[in-house]
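# Report on the structure
Listed here are the chains, written in short residue letters.
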Amino acid sequence: MAVAAPADLAAVLQTGDWAFVLGNWRVLLLGAVVTVVLMATSLTLGFLAGFPAGAVEAYGSGWTKELVSTAGVVLRGTPIVVLIVLFFFGIPVPKLGSVPVVDVRLSAFLAATLALGLRSGAYQSQVFRGAIQSIDEGQLEAARSVGLTHRQAVRHVIFPQAVRRSVPGFQNEFTIVLKDTSVAFAIGLAELLTRAENLYLQPGRDTAIMEVIIVISAVYFVLTFATNRTLDYLGDAFSIPEGSE
Amino acid sequence: MSLLEIEDVDKSYGDEEVLHDVSLAMDQRDVDVIVGPSGSGKSTLLRCVNRLTEVDDGAIYLDGEEIHGMDENDLRRRVGMVFQDFNLFAHRSALGNVTLGLTEVLELSETEAKSRAEEFLGRVGLADQADSYPSQLSGGQKQRVGIARALAMDPDLLLFDEPTSALDPELIGEVLAVMEDLAEGGMTMLCVTHEMGFARSAASTITFLDGGRIVERGPPEQLFETPEKERTRTFLGQLTDLNR
């Protein structure tokens, strides 16, 4: 790092502490790994819950639809910190011990996955429901008119188009979940933010607060950017060909 | 026995009566053209035949069998439909539009479905556009894919719901040519259309529908030359002028 900064700037940057951040790169890297894994498990759970939930909200009826949409309202209407604390302390998450290498308590990880994942499912369901409802009615009618059952028509004609239209919404959601993994800080899960705090809270290291925070901000930004670009790429790769006549 | 028999069909949407006591019969190879002002119930009548809409009262028979007793998917396999707005599956190529029903409904293998779809795309003159997506096709080409999609299911009867109304004038001819070919080939067709040239040359019967009731029904010469009702004369006269 730039050690030879002008004196006043050096005072602001407190150059010595950049070396401290650099010296602890391994701690932060493991934090980033936990963050990415937590994002992946949460989004997977979110998709597995949100995709069917969106379909039920679009096509279902009766008590199933009521149940699903009520669960969605509750999840979307609760602050994520409250959810995470609730899942960690409020429900009997099995005491699973920890993963030694990355120093992660599995029960905290599980609670964070459930909270982030189910909330994401509630949001993803709305993205997907909106996409389903945006598909022209004529698509379904055309499918039915060649003799496809409603189920076949939805599966082969509506879903493939709706998933494509969901990409921008999912992009949003991926970014939000990635950043919200930091909320697992509240239950002490050793993800990026928690580890960052552990670093600067060491006795005598309170001068490194800004450096550590700036570095993890950069890490969050890089992860967000990479996630978005990946989804852009996937969206393009699976887009429906368009062309001039 | 008639291939299609519509008997005293009534249909209302809320308080609005769309069809009232509509009856007509078609034999195999007949081409029946339905004309009428907008809101006269033409589309609703077509949609009752493949049960995209259910009648309130009356009965419809396909080959002697009452269609409400039939499995609706089986009925729709036997009664193809071509839509005004094409309704091609936007995410599938021209070929994929035709194969979907073949693999999912007729349960053909991918290979069989593909070769059959190619055959039918060829029949509507689009063999070279098999891999194009709907957004890459012109309106006339889209509608011909729509016809191939319906035709490939080997239906007993084809319904056309204003197949040329969404087309630019210069694209109408290619679609009508395909329809005329089909008529000549003996396909039974029930068409809502305002193409009077097609009606004159291809129709076996013209039905004039107004306000949900059949005003007059008969062979084209009769309706064009010696209609019984003054309204028929006025309406057909207007259409013919428009088509000129």
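Scroll up for the structure.
Residue numbers here run from 1 along each chain, matching the order of that chain's written sequence. Naming scheme: in the order in which they are written, chains are lettered from A and ligands are numbered from 1. In keeping with the predicted nature of the model, local features appear solely for residues at pLDDT of at least 70, side-chain atom pairs appear and are counted solely at 80 or more, and the whole-chain, interface and lining totals rest on all residues. Water and hydrogen atoms were dropped before computing side-chain values, which therefore reflect all heavy atoms in the structure.

On a plain count of helices and strands, chain B comes out with nine helices and ten strands. A radius of gyration in this sense is built from C-alpha atoms; the matching globule rule multiplies 2.2 Å by the number of residues raised to 0.38. At 18 Å, chain B has a C-alpha radius of gyration in line with the 18 Å of a compact globule built from 244 residues. When the backbone C-alpha atoms are referred to their principal axes, chain B occupies close to 55 × 45 × 35 Å. Relative accessible area decides the class of each residue, using a 1.4 Å probe on protein chains only: under 20% of the type maximum gives buried, over 50% gives exposed, and in between gives partly exposed. Here chain B holds 244 residues, and 57% of them are scored as buried. Look at the contacts in chain B between residues 6 or more apart in sequence, and 65% of them connect residues 24 or more apart. Using a 1.4 Å probe, accessible areas were evaluated by the Shrake-Rupley method; residue-level cover was limited to the displayed protein chains. Carbon and sulfur atoms form 41% of the exposed surface of chain B, whose accessible area is close to 10,000 Å². The helix count covers DSSP runs of H or I at least four residues long, the strand count covers runs of E at least two residues long, and both are numbered beginning at the N terminus. Any two residues having at least one pair of non-hydrogen atoms within 4.5 Å are treated as being in contact.

We now examine the overall build of chain A. Helix and strand counts for chain A come out as ten helices and two strands. Reading chain A from its N end, one meets helices and strands in the order α-α-α-α-α-β-β-α-α-α-α-α. Here chain A has a C-alpha radius of gyration of 23 Å; the compact-globule value for 245 residues is 18 Å, and the former is much larger. Expressed along its principal axes, the backbone C-alpha trace of chain A runs to roughly 75 × 55 × 30 Å. A burial count over chain A gives 41% of its 245 residues as buried. Positive: Lys, Arg. Negative: Asp, Glu. His and the chain ends are not part of the count. Here the site of a charge means NZ on Lys, CZ on Arg, CG on Asp, or CD on Glu. In chain A, the 16 positive side-chain charges and the 18 negative ones have mean positions that sit 9 Å from each other.

Moving on, we come to the nonpolar core. Only buried Ala, Val, Leu, Ile, Met, Phe, Trp, Tyr and Cys residues count toward a nonpolar core, and they belong to the same one when joined by side-chain atoms within 4.5 Å. Membership of the largest hydrophobic core comes to 98 residues, with the highest contact counts inside it found for B:Ile147, B:Leu157 and B:Met189. If near-sequence neighbours (up to four positions away) are discounted, B:Ile147 is found in contact with B:Val82, B:Val124, B:Phe160, B:Val175, B:Val178, B:Met179 and B:Leu182.

Moving on, we come to the sheet that holds strand S2 (residues 16–26) of chain B. Note: strands within a sheet are paired through backbone hydrogen bonds, in either parallel or antiparallel orientation. Residues and elements named next belong to chain B. Taken together, four strands build an open sheet; the order of strands is S2-S1-S4-S5 and the sheet is antiparallel. The strands lining the two open edges of the sheet, one partner per strand, are S2 and strand S5 (65–66). With seven bridges connecting them, strand S1 (residues 4–13) and S2 associate as antiparallel partners. The residue of S2 that forms the bridge with Leu 4 is Met 26. Lying over the sheet, helix H1 (residues 42–49) contacts S1, S2 and strand S4 (57–62), oriented at roughly 60° with respect to S2. For two strands to count as paired, DSSP must find a minimum of two bridges between them. Between N-to-C directions, angles cover 0 to 180 degrees, with each direction set by a line fitted to C-alpha atoms, over the stretch in contact for helices.

Our next topic: the interface of chain B and chain A. With 26 residues of chain B in contact, the opposing surface of chain A contributes 23 residues. Values labelled buried area give the accessible surface lost by two parts on being combined, using a 1.4 Å probe and summing over both. When the area that chain B buries against chain A is broken down by residue, the three leading residues are B:Phe89, B:His91 and B:Glu104, summing to 25%. Each salt bridge in this description consists of a side-chain nitrogen of Lys or Arg and a carboxyl oxygen of Asp or Glu lying within 4 Å of one another. Inspection of the region where chain B meets chain A yields two salt bridges. Two residues, A:Glu141 and B:Arg47, come together in a salt bridge whose shortest N-O distance is 2.5 Å. We call two N or O atoms a polar contact when they sit within 3.5 Å, provided that within protein one can donate a hydrogen and the other can accept it, with sequence-adjacent residues counted only if both atoms are side-chain atoms. The tally of links between chain B and chain A comes to eleven residue pairs in polar contact (both at pLDDT 80 or more). Of all the secondary-structure elements, those providing two or more residues to the side of chain B that touches chain A are helix H2 (72–78), strand S6 (79–82) and helix H3 (94–104) of chain B. When residues in the side of chain B that touches chain A are grouped by element, the largest group, four residues, is from H2(B). Classes in brief: Ala, Val, Leu, Ile, Met, Phe, Trp, Tyr, Cys and Pro nonpolar; Asp, Glu, Lys and Arg charged; the others, Gly included, polar. Its residues assigned to classes, the side of chain B that touches chain A comprises twelve nonpolar, eight polar and six charged.

This part is about the pattern of salt bridges. All chains considered together, the criterion is met by 17 salt bridges over all chains. Residue B:Arg78 is joined to B:Glu65 by a salt bridge in which the shortest nitrogen-to-oxygen separation is 4.0 Å. Taken together, the positions of B:Arg78 in helix H2 and B:Glu65 in strand S5 put the pair 13 residues apart, joining distant regions of the chain. On the basis of relative accessibility, which here comes to 12%, the residue B:Arg78 falls in the buried class. The class of B:Glu65 is partly exposed, set by a relative accessible area of 39%. What emerges from the salt-bridge pattern is a single network uniting A:Arg144, B:Glu72 and B:Arg76.

For any two aromatic rings, the description comes down to two numbers: the centre-to-centre distance and the angle of the planes. Residues and elements named next belong to chain A. Whether two aromatic rings pair depends on their centres lying within 6.5 Å, for rings of Phe, Tyr and Trp, where Trp uses its six-membered ring; planes under 30 degrees apart make the pair stacked, over 60 edge-to-face, and the rest tilted. On inspection of all chains with the given rule, the structure shows eight aromatic pairs over all chains. Aromatic pair Phe 47 and Phe 170: ring centres 6.0 Å apart, planes at 70°, arrangement edge-to-face. Of the two residues, Phe 47 is situated in helix H3 (residues 25–59) and Phe 170 in helix H8 (residues 150–180); the sequence distance between them amounts to 123 residues. The class for Phe 170 is buried, based on a relative accessible area of 10%.

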